Each structure stands twice: as C-alpha cells, then as structure tokens.
Amino acid sequence: MAEIEKTAPAEQTAPAAAAPAKKPAKPASPGVTALRKVVSDVYAAAWEAKKAGRPVGWSSSKFPCEIAEALDLAVVYPENQAAGIAAQHDGERLCVEAENLGFDADICGYARISLAYASGVETTNVSRQMPQPDFVLCCNNICNCMTKWYENIARMHNIPLIMIDVPYNNTTHVDESQVAYIRAQFEDAIKQLEKISGNKFDEKKFEQVCANANRTAKAWLKVCDYCRYEPSPMSGFDLFNHMADVVTARGKQATAEAFELLATELEEHVKNGTSTLPFEEKYRIMFEGIPCWPDLRALFKPLKSAGLNVTAVVYAPAFGFVYDGLDDLCRAYCKAPNSVCLEQGVEWREGLCRDNKVDGVLVHYNRSCKPWSGYMPEMQRRFTADLGIPCAAFDGDQADPRNFNAAQYETRVQGLVEAMEATKAAKEG
C-alpha cells in the first residue's frame, strides 16, 4: 500500500570516470504526478494539524474514512506508512526494535514497524514520517491482529481507541442483522469523533464525502479493469504503487480526479495498442496476496526476464468500496478479502482470472498475513481444478525482508513458466 519513492542519499560523490552516464528517468505521467501529490498532501495536512494543536488520528486502512473526513479530522494510515518504510529498506530495523520491546517476531510486519514508530523509534524514510496520534481508528475487517495492534498504540499514548467490529461472514451475502450491528457502531463512532474534533456531524457534508469516495472507488476500479486488455496497458505492479492513494485519501475530490486522469491515459494506451510495461507480454498471471515491499525489484526482475505480466491482483480492487447510502456502506466494508467466506473468495479470484485472461497464478505465502495465506492451498487447488491453470507459490513477507529468499522465488517463477508452457502446448496439441 505504498507509493514507492526513490530518495537521494544524504551525500553524493562524483562518479568514477569510467562509469557510464545514467539514462535520465522517464518523467511521470500527469495522472501519476497528481496521485503522488495526493499522498504528500495527506501527510502534510497531518503535520499542519499537529502544529496547530488540532487532533491527528491513526486509522486502519479499511476503517470507514468517510466519517473522519466529514468531521475535518486529519488522519494518517500506519499500514501505508509501514509499507513505505519497508519499501525504502528501513522495515527490518523497526521490526527488530519492536521485537526488543517484547513484540513477537511472528506477528505482522506492518504491526511491528508501526508499534516501533509509535514507541518513538524514528524512520529514515523522510516521506513516511507522521505525527504521533491523538486518537486511533480501528476496523477488524482486515484481521484480528489489527485489534491488538491498535489497542497497544492507544495504551502507549493513553488516547481514545474507536473500534468497529465487523464479524466474519460465513455466507456470500451480508445479512441485515449484520448491517444493523455495524451501523450502530458507525453511529457511536460519529458521536465519539464529534467530541474529539469539536465539530458537529454534518449530514450534507457526509453525503458529499461519500460521493467523493464513490467517485474515487469507481475510477480506481476502472483503472484496475484496464489490465483486462491484451496487451495490458500497464503492469499489475503499477496498481500496487497507486494503492497508497486509494488507502489514504478515498474521500477527497482530488483523489477521484487523479484516478480519472490516470484512467484517461490508460484508455489512450489501449486505443494506440501501447503499454507502460517495460517488456513484451508473453504470459499473463495473477499475483495472489500482498507484495513483498522490501523486495519489489527482486519480485519484478524474474517476471520481466520471462515475459510474465501481472494482469490480475486481489489486493488492489479490494479498496474499491462502492455503495449507495449508509446501510450499503456497512455492506461494502464487510467485503474485505479476509472477512469473507472461502466461496466468496474463490468467486472473486476466479472471476478475475477469467476476465483478465491469466495463464497462471503466483501465490505469496505471506508470513505477516496468516489469515490471507491460510486458505491459499485450497485456493490453488480450486484454480487448477476449475480453470485448468497452473499455480506456483513462494514464501515471503510484506514488510520483513528476513522472511524472503530471492533464490527460492526465482525457482518458483521458473517452475510456473514451465507449467504454463506445458499447459499451452497441451492445449495446442
């Protein structure tokens, strides 16, 4: 969930005479530039609020952002921060710091990074520094680790914790009793946040924020859907890079406009038969799970060498909350990947595989995200049985580089290529 920045070293020395001149980086498109500004503005607004003495919140990524946005509260997102810190190779140090505080190495890497930062450990990633919280917002539709993670932050700072409990859904639909249960919690959260903000909840402003959030979600899902085209106008890794925006600023008009601009750019690529993908697309695959942020280059390099383009991901469109009214908003927030039943999860993934025309699936067994990884063996079995496509899996971690082995990963990618080649030959035969 991080925008992957490149930060310059503190000191630069003159290059050796024999060193070849570096090719200048290709400038970002207007859409990408606009999206980068969206994230920067969220962090800047939080610092401005802190300096002005206004409360700043830390929020889980799937807490209903519309409520805090309608009350003009500055909110930042520890998951986004942790992913950005990990991507800039400072995650392992903060994980170790958290372990030194007594947090087990077996818990989520995002949580360890965040808990270390909340305890006062600084990060070297200047673009992901954020003010310490005055309140925390947590929704456990991601996982139950979130509950203890945010409880610990609240305890460290002696601040309010506002919790939304979303029960695990054992059916493919959301029952009305569940909607009523969650809506009552939303209404209670509004009352608590009115006290924290000092502002009265404005229904008309809330409706406008919801309209912005829906517009953002629709534009984001449209961007994701462009991976269906052959050739795809982009790599699925581009979706990973843009997730920071849909996480941190779903309720802002600027975010919707930026994604709409990006969608227009992708539409032009489709019309012209061009792509931002830096290699020829030979096979199309689904990447299952959260990427290994500290090792994005190591993930991408073998795919590029073999001509594998990621045209389907579950993680990215999971943040496309589209709804009509408060009850429907409750239903939308029940549909996080880790809070739905196996059949719903299979339906989503197999639909993506069919629509985006994938030839195989690469599964990340993520040590940090056990709820997601736990039912992957059955997912793999179903993909092969229902769709006739091969799967390969590798071990890794979304934030802690100690749990990723590049050699193992390359071997698994090679195995997937060989399996897809065999499947293709069998079909042609």
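Residues numbered from 1 in each chain as written. Predicted model: local features only at pLDDT ≥ 70, side-chain atom pairs only at ≥ 80, totals over all residues. Heavy atoms only, no water.

Draft legend 1. Broad picture of the overall build of the protein. Regarding its fold elements, the protein presents 16 helices and eight strands. In terms of overall dimensions, the protein has C-alpha extents of about 70 × 60 × 45 Å along its principal axes. Put simply, 80% of the contacts in the protein that link residues at least 6 apart link residues at least 24 apart. Looking at the protein as shown, the accessible area adds up to about 18700 Å², and 52% of this sits on carbon and sulfur atoms. (Helix = DSSP H or I, 4+ residues; strand = E, 2+ residues; numbered from the N terminus. Contact = heavy atoms within 4.5 Å. Areas by Shrake-Rupley, 256 points an atom, 1.4 Å probe, with all protein chains shown as cover.)

Draft legend 2. Molecular detail of the pairing of strand E7 (residues 360-366). E7 sits mainly inside the fold: six of its seven residues count as buried. Relative to strand E8 (residues 391-396), E7 runs parallel, the two being bridged by six bridges. In the sheet register, Val 363 faces E8, and the bridge partner there is Ala 393. (Buried < 20%, exposed > 50% of the residue type's maximum accessible area, 1.4 Å probe, protein only. Pairing = 2+ DSSP bridges.)

Draft legend 3. Structural view of the pattern of salt bridges. Per the counting criterion, the structure on display carries 28 salt bridges. The salt bridge partner of Arg 402 is Glu 99, with a shortest N-O separation of 2.7 Å. Highlighted residues: Arg 402 in the loop between E8 and helix H16 (406-428) and Glu 99 in helix H4 (residues 91-100), separated in sequence by 303 residues. Ionic contacts of the salt-bridge type, sharing partners, join the residues Glu 343, Glu 378, Arg 381, Arg 382 and Asp 386 into one network. (Salt bridge = Lys/Arg side-chain N within 4 Å of Asp/Glu carboxyl O.)

Draft legend 4. The packing of aromatic side chains, seen in detail. A full pass over the atoms with the stated rule returns 18 aromatic pairs. Pairing Phe 321 with Tyr 333 gives two aromatic rings, centres 4.2 Å apart and planes at 15 degrees, and the pair type is stacked. Taken together, the residues span a long stretch of sequence, with Phe 321 in the loop between strand E6 (308-313) and helix H12 (326-333) and Tyr 333 in helix H12 at a distance of twelve residues. Relative accessible area serves as the criterion here: at 5%, Phe 321 is assigned to the buried category. Overall, the relative accessible area of 1% leaves Tyr 333 in the buried class. By the ring-pair criterion, three or more aromatic residues cluster together here, those being Phe 237, Phe 240, Phe 279, Phe 287, Trp 293, Phe 300, Phe 394, Phe 404 and Tyr 409. (Phe/Tyr/Trp six-rings, centres within 6.5 Å; stacked < 30°, edge-to-face > 60°.)

Draft legend 5. Representation of the sheet that holds strand E4 (residues 161-164) in the model. The strand order E2-E1-E3-E4 describes an open sheet built from four strands, whose pairing is parallel. Edge strands, defined here as strands with exactly one partner in the open sheet, are strand E2 (74-76) and E4. Strand-to-strand twist across the sheet, computed as the mean angle between neighbouring axes with direction ignored, equals 25 degrees. Both strand E1 (residues 56-59) and E2 contribute to a ladder of three bridges, which runs parallel. Bridge assignment links Trp 58 to a residue of E2, and that residue is Val 76. (Axes fitted to C-alpha atoms, helices over the stretch in contact; angles between N-to-C directions.)

Draft legend 6. Region of interest: the state of the cysteines. One pass over the structure, following the stated rule, counts zero disulfides. Cys 138 carries a free sulfur, and the closest cysteine sulfur to it, the one in Cys 139, is 7.1 Å from it. Here Cys 138 falls in the buried class, since its relative accessible area comes to 0%. The buried category is assigned to Cys 139, whose relative accessible area is 0%. (Disulfide = S-S within 2.5 Å.)

Draft legend 7. Layout of the sheet that holds strand E5 (residues 283-288). Across the sheet, which stays open at both edges, the four strands sit in the order E6-E5-E7-E8 with parallel pairing between neighbours. The open sheet is flanked by E6 and E8, the only strands paired with a single partner. Taking the axes of each pair of neighbouring strands and ignoring which way they run, one obtains an average angle of 30 degrees across the sheet. This element, helix H9 (residues 236-248), spans E5 and E6 of the sheet and lies at about 50 degrees to E6. On top of the sheet, helix H11 (residues 296-306) reaches E5, E6, E7 and E8; it is set at about 120 degrees to E6, its chief contact.

Draft legend 8. Structural detail: the side chain of Thr 123. Within the secondary structure, Thr 123 is located in the loop between helix H5 (109-118) and strand E3 (135-139). Of note is the side chain of Thr 123, whose polar atom sits 2.9 Å from the side chain of Asp 90. Of note is the side chain of Thr 123, whose polar atom sits 3.1 Å from the backbone nitrogen of Asn 125. Contacts of Thr 123, omitting those with residues within four sequence positions, involve Ile 85, Asp 90, Arg 93, Tyr 117, Arg 128 and Gln 129. (Polar contact = N/O pair within 3.5 Å; in protein donor to acceptor, adjacent residues only side chain to side chain.)

Draft legend 9. How the structure looks around the environment of Asn 272. Tracing the sequence through the fold places Asn 272 in helix H10 (residues 253-272). When the C-alpha atoms of Asn 272 and Pro 233 are compared, they prove to be 9.6 Å apart, with 39 residues separating the residues in sequence.

Draft legend 10. How the structure looks around H10. Look at H10: 29 Å from first C-alpha to last across 20 residues, which is about the 28 Å you get at 1.5 Å a residue. Just beyond H10, the residue with positive phi is Gly 273, at close to 70 degrees. (Expected span 1.5 Å × (residues − 1).)

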